[in-house]
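# Overview (structure and organization)
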Amino acid sequence: MHKEGQVMRQAFYNIYMYRIDYIQVFALIKLFQFLLIVPVMAIVFKLMLRVTDYTHITEQNIQSFMAHPFVISMIIFLIMLILLVIYYEMGFLFLMAFYQQRGIRYRYLHIWQQLNRKVISFFSIQVIFLFIYIALLLPVASFIFPLTLTQAMSIPHFLTDEIMSSRSGRLLYAVVVIVFVIVGIRSILALPIFTIQPKISLFRSLIHSWRFSKQGLFKLLGLLAMLVMVLLLVMLGITLISTLPLYILERLIPSTALVTAAITLAFLEMVFVVLFSILQAMFSQVMVTFIYNTPVLGKSRFTPKFRRRRYKPLLFIVVVVFIALSVMNIISLEKSVYAPDTKIIAHRGFTEGNVENTISGLVSAASAGADLIEVDIQQTVDGQFVVFHDRTLRRLTGKNGVISNMTLGELKTLTIHANGFNDKISSLDDFIEIAKTLNVSLLIELKVHGKETEDVLPKLVDKLKAYKVLDTYYVQSSDPQMMSQLKKLAPNLRVGIVYALNIGPMDETVDFISLEEAWVTDQLISEMKQQKIDLFVWTLNKDQSLHEFIRKNVNGVITDLPDMALKIRKKQNEREYFLQRILNLLQFMF
């Protein structure tokens, strides 16, 4: 434990003594990313759309898009670009730590040149090892290095939800995660070894990391975990102290709340960026120390007088950034929707205490106060509509059977099971009759299996007309062509398209779009409002996601937790304090 304490003290000492270097390096890294890398990636994507003649990418056209030779070449280019950015960003920090711990004078140009000598590896078979290395570390890197390009990379929730819906899926997911975490942790030291040692290959670096982590793995992980815990405690303390004036002023002098909130948020944003940068620097210091067992503290290169002169322009930049952030926050907070009218849509009914797509789930969702209740329907072999999500019976009944090959009568005799509850399969007629008595509207998703009758759409429209719900119900499907036909057939019906993936601007002729949350951006929300097309976001089951999209006032959120979503919407009203809004915004930063 004494040695671990020395490692921590040395890391803090070096970062403090070379603080000007770190400020300059992190500033340059961020400028490089946002002024060059991000625009380049945006331009490349627009070029890919123009060359392939697509307006946007969805699950319907992604295969043909990805198969285009120009797209393949551009994807390879983007992967190489991201790998190079990660290599230079982390390589710079590792080399700085290495020289600082040995008291060796260095120049940025020298570090840049040393990193350039290894770039040849990116144009050889070694790039495969680097790609695998980054992929293994993504779950760790997205948290450890929150200021890199890796932070937004994650598996869409709808995929993990589907995987976790079965016992075998949960087991497979757990095994894959465990393997990735173990291999990723054992390989964590490969990049610092590769960047510091001039003649070693990335493959040999991976082997060295694997061997080293046999002995020092738990000590290293313990130190890294300690650093994260310290950072979180410091962030919590600073947040509590800095928001105290806002808490008091909102209650005593409400007229000052907006400006105070904007200034407080700007301060916390800047502090969090600094703290995460320190964490990144600390990680590089600790890893280099563990690899090379540095015994002494580094020495400062600069005299105090020289450092003081360099603080003046830095202070000016900090003040300018602080004022700019404060002004932007005033505008943002002033424009915030304080009484959002986002529709709360119960996904397959209310599945807490019920089986999905059942009458009991419908009743529970209506009792909870959901604005709309989403149900899935399919056409049976006898041309009727059954309420059921999957194409087969396996998941909910444990039996073999394909929905499109069975009659409605056969299906209604079956018992379905989920989460310890049992229920019966129902028809669309059953659902509409109960929904009418409960005075709640349905969002009907038509699941297309390819064996529908030619008159499937007219049959659906006639049924909705017969129950006099054509003007109040919503119908959606993942088949854009069918939904376009449906809109022409029933202009008064609210028709939408379901997308599990979307990249790029959308230009649709339907009434609404249902899109998986991972692909919803502020720009898309704005575009949909301009086109007067409603946007429903699915499937939101996390408190943070519900807060975010209700705050953004999207037209609808589809969720398995309508009761929680309703409480969040109720809280976000004109009486909500600015302090609560700031805490919600800070939560989104993580």
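Residues numbered from 1 in each chain as written. Predicted model: local features only at pLDDT ≥ 70, side-chain atom pairs only at ≥ 80, totals over all residues. Heavy atoms only, no water.

### So, the overall build of the protein
Condition: The secondary structure listing takes helices from DSSP runs of H or I that are at least 4 residues long and strands from runs of E that are at least 2 residues long, numbered from the N terminus. For every residue, the accessible area obtained with a 1.4 Å probe (protein chains only) is divided by the maximum for its type, and the residue is called buried under 20%, exposed over 50%, and partly exposed between those limits. Two residues form a contact once any of their heavy atoms are found within 4.5 Å. For accessible areas, the Shrake-Rupley method is used with a probe of radius 1.4 Å. Any residue's cover is judged against the shown protein chains and nothing else.
Secondary structure assignment for the protein yields 22 helices and 14 strands. For the protein, the proportion of its 590 residues judged to be buried stands at 48%. Contacts spanning at least 24 positions in sequence make up 65% of the contacts within the protein whose residues lie at least 6 apart. Of the roughly 29500 Å² of accessible surface on the protein, 65% is carried by carbon and sulfur atoms.

### Focus on the pairing of strand β8 (residues 441-446)
Stated formally: One bridge is not enough; two strands pair if DSSP finds at least two bridges between them.
For β8, the buried fraction is high: 6 of the 6 residues fall into the buried class. Because side chains alternate across β8, one face comprises the buried residues Ser441, Leu443 and Glu445, and the other comprises Leu442, Ile444 and Leu446, equally buried. By the bridge criterion, 6 bridges tie strand β3 (residues 372-379) to β8 in an arrangement that is parallel. Pairing of aspartate 376 across the sheet is with glutamate 445, part of β8.

### As for the nonpolar core
Put simply, the test is: Only buried Ala, Val, Leu, Ile, Met, Phe, Trp, Tyr and Cys residues count toward a nonpolar core, and they belong to the same one when joined by side-chain atoms within 4.5 Å.
Counting residues in hydrophobic clusters, the biggest one holds 66 residues, and the most contacted among them are Tyr22, Tyr87, Ile111, Leu220, Leu227 and Val286. Elements with a contribution of two residues or more to this core: α1 (2-17), α2 (19-52), α4 (69-101), α5 (108-116), α6 (126-144), α9 (190-196), α10 (202-252) and α11 (257-292). If near-sequence neighbours (up to four positions away) are discounted, isoleucine 111 is found in contact with Phe92, Leu95, Met96, Tyr99 and Tyr106. Val440, Tyr499, Met528 and Ile568 belong to the second largest nonpolar core, which has 57 residues in total.

### Describing helix α21 (residues 562-571)
The line we're drawing: Arc definition: directions from the helix axis to the C-beta atoms.
Of all the residues in α21, the buried ones are Pro562, Ala565, Leu566 and Ile568. End-on, the buried residues of α21 take up no more than an arc of 160 degrees, which puts them together on one face. Pointing more than 90 degrees away from the buried face of α21 are the exposed residues Lys567, Lys570 and Lys571. Here the buried face of α21 lies against β2 (343-347), α13 (359-368), α20 (543-551) and β14 (556-559).

### Thoughts on the pattern of salt bridges
Keep this limit in mind: Salt bridges are defined by distance alone: a side-chain nitrogen of Lys or Arg within 4 Å of a carboxyl oxygen of Asp or Glu.
On inspection of all chains with the given rule, the structure shows 11 salt bridges. Across the pair aspartate 390 and arginine 395 runs a salt bridge, and its minimum N-O distance is 2.7 Å. Since its relative accessible area comes to 31%, arginine 395 is described here as partly exposed. Sharing partners across several salt bridges, the network here consists of Arg348, Glu356, Asp376, Asp390 and Arg395.

### Some remarks on the packing of aromatic side chains
Two numbers describe a pair of aromatic rings. These are the distance of the centres and the angle of the planes. Heads up, the condition is: Aromatic rings from Phe, Tyr and Trp, with only the six-membered ring used for Trp, were paired whenever their centres fell within 6.5 Å, and each pair was classed as stacked if the ring planes differed by under 30 degrees, edge-to-face if by over 60, and tilted otherwise.
One pass over the full model with this rule turns up 14 aromatic pairs. Measuring from centroid to centroid gives 5.3 Å for tyrosine 87 and tyrosine 88, while their planes differ by 70 degrees, and the two rings are edge-to-face. The exposure class assigned to tyrosine 88 is buried, which follows from its relative accessible area of 17%. Aromatic pair tyrosine 87 and phenylalanine 194: ring centres 6.0 Å apart, planes at 55 degrees, arrangement tilted. Highlighted residues: tyrosine 87 in helix α4 and phenylalanine 194 in helix α9, separated in sequence by 107 residues.

### A word on the pairing of strand β9 (residues 474-477)
The test is simple: With its strands directed away from the observer, a crossover is right-handed exactly when the path from the first strand over the helix to the second travels clockwise.
Here β9 shows a buried face lined by Tyr474 and Gln476 and a second buried face lined by Val475 and Ser477. As paired elements, β8 and β9 share 3 bridges and run parallel to each other. Opposite glutamate 445, over in β9, you have glutamine 476 as the bridge partner. Of the crossover connections in this fold, the one passing from β8 over helix α17 (residues 456-466) to the parallel β9 is right-handed. The β-α-β motif built from β9, the intervening helix α18 (residues 480-489) and the parallel element strand β10 (residues 494-499) has right-handed crossover chirality.

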